[in-house]
Structures are given as structure tokens and as C-alpha cells.
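One-letter residues, chain by chain:
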Amino acid sequence: MFRKLPGDEARNLVTTTPDTKIVFKPVVVNTPAFLAIGLWLIRLVVGLVRLIWRHPIAVGIVGSLAALAVLVDWRGSVFLVGLTLPVLASWAVIHRPSFSSWIGWPLLASWRRFWIYRRHWQPVMVVSGLGRHLHGRDYLPRVVNVACTPWADLVVVRMLKGQCLEDWTKRADHLAQGFGATSSRVTLHAPGVVLLVMPRRDPLADPIPALPLPDHTDKPPIDVEPVQVGEREDGLPYRLKVHGTHVLVAGATGAGKGSWIWSVIRGLLSAMTSGLVEVWALDPKRMELSLGKDLFRGKYAATPEECADLLETAVAQMQQRADKYAGVRRTHTATTDEPFVLVVVDEVAFLTAYQSDKHLKQRITAALATLTTQGRAVGFGVLAALQDPRKEVMNIRNLFPDKIALRLDESEQVDMVLGDGARGRGALADLISPNPAQGAGIGYVRLESSPDPIRVRATYVSDDDIRAMVAHLWTATADETRAA
């Protein structure tokens, strides 16, 4: 009467009434007890290993106290705990960096992993669209590790299969708001793994004073090294390469472009004294660079006509050096006979876009384009600053390999300066504080060698610091002259 049903038998049918749905009795498989106990033990061991790996300090403390209580007695445990606390406190006072590295930051990371990230992980992932809820089940990216630094949390996350870095960079603001951070930056840590940088505070909120002037007794440099211009978010000094590249600094009025320009010049002061570097200055506003015009030893221009002449002089010297190097060498090494020449242009848009004289505009644009396309290999570099980063204002901005975005007026301008996707990677230049004390000199640096922006604050070089630089250069020059 019944057909043979695959996987079951007709006698297992509960009802055969024609107008009633056929209901199958579920098949019950009796699992052997040893198999169930074995699986339970495996899960227990895996859970213990995961607990020890994720929370080694907490597990070590609890395990040590339990061992003391068993091997000694509770009085001895209390005594040792009372002895350990003063030792740890003394360690923290005597050598805080090592204490923070071994005890403080791991403990903070364990706490924040549990209280901040694990507690809020599911709703943040689902609401932001990085997680998926399908057929009653949540598919979520997995937190691999959480580490703490003095200023930020570093969260390593394994993405879902099929996700890419762009999916996460587009939701950086969602992640920051969801986990209570001031901002969020996303970088690729490994294939299928991203690193979330979640700042807890802003270590660059206070201005950084100008670096000390080089000592006259110091040994003169033998090459043009990257110059220290300020500090990174992690507290390390930041060194900017100027030899063998071109740098574009973009920022709104009052964003601190002068801090970057003068920090670079101050960093090159020792090489300028020894004759390895020459700085040529174009100052159409006559305000930023004029105070230190004696540093440039006659290579200073203010009017558009003077700027065009000085740029064309640089192009002529560059081409002469290129003719000399042709077929002989492909890179430049700075010497006193062939120094590295850095052409500093303040407010380059005034010369390339807002200049009313079309002939001068064409001369200046052509000279800048020639320097930025041919000057790197023969020891000519350009450091240019501008306010408006639009293409029609600065049509040669892509000829600058290294770019710095200070405070900008609009979020779209970030990608104009640093390239597509820079803001999604955490370059929030449009959110930098307009208060000069808090935001002037802060910028995001995107180098030719790396797509990930670095947040840096340049030192503040005051008028008195500039005057001291001029006095230092001429004193050192006079000492060399007397020694010769």
C-alpha cells in the first residue's frame, strides 16, 4: 500500500488519512556515553587553553593563589599577596615602561576586550553591516587579539569569508561610535585579517616645541637624512624624507602649514651649514618665509616675476646636472660641489592658479612641472604648500609622491590630497580641531611607499626660533671661514 520511503519505513508513519499531512516520527540516534563524555572533555580542554592564551596574567594570578592555598594555607597566601602588591607598586614607580609593558597594558587589554569589545561586538557588527543574520543565525567577524598602547587599542579581527578591506574602511565611523572611540582606522594586517586602531585619547593635543638647534661642535653630516619634523601618535619622533622625493602640504588657513615648512628647514639646518643642502624659497605672500630670508643666501623670491625667474634658474641647473649624470649615474649623493636643492613654495596656488598674468602663470607651472618630473634623481626637490587642493587650482598635485593633509574644510578634500580611499583608512583631516592650540600642525602623511596614512604633529617654530636659526647659520659660517 505504501511506497518505500528513503531513510525510513512505512511503519513509522503516524497517520495515513488522505486529507491529513503525513508526519514522520523523528529518528533517535543513541549516542554512546563514552563519545559524549569525550567530546565534552575536548571542549573543556580547548576552552581552558583559549582562556589561558587570552588571559595569561589573570589565570596566572588565580592559579598561583589557588596553589598557595592548597600547598601552604590561606594565611600564607594572604601574606604573599600582601608582599606582592608593594613589590608591584615599587616596580611601577621605579621603571614604569617595563611595568606597563608586562603588567599594565596586558591587564587593560584583557579588561577592554571583555567589557568594550566582546560585550558590544554582536550589535555593532550587525547594525554596521559587517555581520550577517541569516536563517536565525549570526555570522560575525571574529576578534583574534586585543592589545593596548598608551594611546589606543589595537584590535585584530578576522573578516568573514568574502569580505574585503574596503568593506571595513567604509564603516570606520560606525566602528568608532559603536565602541566609544574618538576615531577608527582600518589597515590590512594579513590576508583576511584587519587591524582596527581605536584611539582612547589624543596624544597630539598639545603643541610640540621646536627641536634644539644643532651644536657647532657636532660632526657635520655626510648625507641628507630624513629630517625630524615632529611626533607621531605613538610618541615616536617622525622623520620626513625630503631628498629624492617631492612633498605637498595642503591645509586650510591656520592649519599649520608654516609649522611643517619651518620644521623641515630647521631639520636641514646642520646640512645647510655644511654646504650639503641649499634651500630656495618662493614666498608670494611675503609673510611666511621673509623672516628667515637670510637663511636662503640670496635664493629668495617674493614677486611673481622673481618666482618665475628663480624657478627657471633651478630648472636650468637641474638640466645641467642631468646632462652631467647621463650615462654615468642614476642617483644623486649630496656633496658641497653638488648639494641637494630644496625649493620651498609657500601658497603655490597663488602662482599656478590665481596669477592674473597668463604668461607668468605658464612659466611658473611649466617650471614646477619640470622640477617635479625630473628633479628627484639629480638632487632637486620641491616642498609646496597650498590651501585649495582642487584639481583646477593645482593641476600638478599628482606629481608629488608624498602628501600631507592638514585640517581641511570638506571630507571630499581628503581624498583629493591623499588619494582615493585615504579618508576611509582613517585620515580624518576634515575633523581636526580649528583651535590652533589643539589642531595647528596636525596632519596625515601618506607616503609613496605606503597607502596607510600616518597622523603626525609638526613642531611649532616661533619667530624667535627662526631668528635663532638665522643667527646659528651665520655664526657657523663665520666659524668655518675663520677656520679656513
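Residues numbered from 1 in each chain as written. Predicted model: local features only at pLDDT ≥ 70, side-chain atom pairs only at ≥ 80, totals over all residues. Heavy atoms only, no water.

Help me out: how do you make sense of the overall build of the protein in this one?
For the protein, the count of helices and strands is 14 helices and 16 strands. Taken over C-alpha atoms, the radius of gyration comes to 32 Å for the protein, far larger than the 23 Å a tight globule of 484 residues would show. Projecting the C-alpha coordinates of the protein onto the three principal axes gives extents of approximately 110 × 75 × 50 Å. Put simply, the protein has 484 residues, and 43% of those count as buried. Here the contacts in the protein between residues at least 6 apart in sequence split such that 66% fall between residues at least 24 apart. For the protein, the accessible area works out to roughly 26400 Å², and carbon and sulfur atoms hold 59% of it. A distance of 12 Å separates the average location of the 55 positive side-chain charges in the protein from that of its 48 negative side-chain charges. (Helix = DSSP H or I, 4+ residues; strand = E, 2+ residues; numbered from the N terminus. Rg over C-alpha atoms; globule rule 2.2 N^0.38 Å. Buried < 20%, exposed > 50% of the residue type's maximum accessible area, 1.4 Å probe, protein only. Contact = heavy atoms within 4.5 Å. Areas by Shrake-Rupley, 256 points an atom, 1.4 Å probe, with all protein chains shown as cover. Lys, Arg positive; Asp, Glu negative; His and termini not counted. Charge placed at Lys NZ, Arg CZ, Asp CG, Glu CD.)

Help me out: how do you make sense of the confidence of the model for the protein in this one?
Mean pLDDT for the protein: 87, with 91% of residues reaching 70 or above. Looking over the protein, one finds the lowest element-wise mean pLDDT in helix α2 (residues 56–71), namely 73, and the highest in strand β12 (residues 340–345), namely 97. Note that pLDDT drops below 50 for residues 1–5; the model gives that stretch six contacts with residues more than four away or on any other chain. (pLDDT = per-residue confidence, 0-100.)

So what exactly am I meant to see when it comes to unusual backbone geometry here?
Generally, phi is negative for residues other than glycine and the peptide bonds are trans, each holding for most cases. A positive phi angle, close to 65 degrees, is found at Arg-286, a residue other than glycine. Position of Arg-286 among the secondary structure elements: in the loop between β10 (277–282) and β11 (300–301). The phi torsion at Arg-297 lies on the positive side, around 50 degrees, for a residue other than glycine. Since its relative accessible area comes to 42%, Arg-297 is described here as partly exposed.

Any chance you could explain the side chain of Glu-347 here in plain terms?
On the secondary structure map, Glu-347 appears in the loop between β12 and α10 (348–352). Within the buried set, Glu-347 has no salt-bridge partner at all; the shortest N-O distance to an opposite charge, 5.0 Å, is to Lys-285. A polar atom in the side chain of Glu-347 sits 3.5 Å from the side chain of Gln-387. Beyond its immediate sequence surroundings of up to four residues, Glu-347 is in contact with Pro-284, Lys-285, Ala-385, Leu-386 and Gln-387. (Salt bridge = Lys/Arg side-chain N within 4 Å of Asp/Glu carboxyl O. Polar contact = N/O pair within 3.5 Å; in protein donor to acceptor, adjacent residues only side chain to side chain.)

Would you explain helix α7 (residues 257–267) in this entry?
Residues spaced three or four apart along an α-helix face the same direction, because each turn holds 3.6 residues. Burial of α7 is extensive: 10 of the 11 residues sit out of reach of the surface. Within α7, burial applies to Lys-257, Gly-258, Ser-259, Trp-260, Ile-261, Trp-262, Ser-263, Val-264, Ile-265 and Arg-266.

Mind showing me how you'd approach the pairing of β10 here?
The two faces of the sheet receive side chains in turn, since in a regular strand these alternate between them. Judged by how many residues are buried, β10 sits mostly within the fold: five of six residues are covered. Bridge count for β10 against β12 is six bridges, and the pairing is parallel. Paired with Val-277 across the two strands is Phe-340, which belongs to β12. Examined bridge by bridge, β10 and β11 share two bridges and lie parallel to one another. When the sheet's bridge partners are listed, Leu-282 is paired in β11 with Ala-301. (Pairing = 2+ DSSP bridges.)

Which parts of the structure should I look at to understand a nonpolar patch on the surface?
There is a patch of nonpolar side chains on the surface, built from Ile-37, Trp-40, Leu-41, Leu-44, Leu-48 and Leu-51 and spanning about 590 Å² of accessible area. Topologically, Leu-51 is positioned in helix α1 (residues 33–54). Judged by relative accessible area, Leu-51 falls into the partly exposed class, the value being 41%. (Patch = residues over 30% accessible without salt bridge, like charges linked within 9 Å, V, L, I, M, F, W, Y side chains within 5 Å.)

Would you take a moment to explain the pattern of salt bridges for this structure?
Should the charged atoms of two oppositely charged side chains come close, the side chains can pair. Scanning the entire structure with this criterion turns up 17 salt bridges. With a shortest N-O distance of 2.8 Å, Asp-202 and Arg-455 are connected by a salt bridge. Here Asp-202, found in the loop between β6 (193–199) and β7 (227–232), pairs with Arg-455, found in strand β16 (residues 454–458); they are 253 residues apart in sequence, far enough to count as distant. Residue classification places Asp-202 among the partly exposed positions, given a relative accessible area of 33%. Using a relative accessible area of 11% as the deciding quantity, one classes Arg-455 as buried. Between Arg-232 and Asp-234 there is a salt bridge; the shortest N-O distance is 3.1 Å. Overall, Arg-232 belongs to the partly exposed group, its relative accessible area being 27%. Each of Arg-185, Asp-202, Glu-233 and Arg-455 takes part in one network of salt bridges that share partners.

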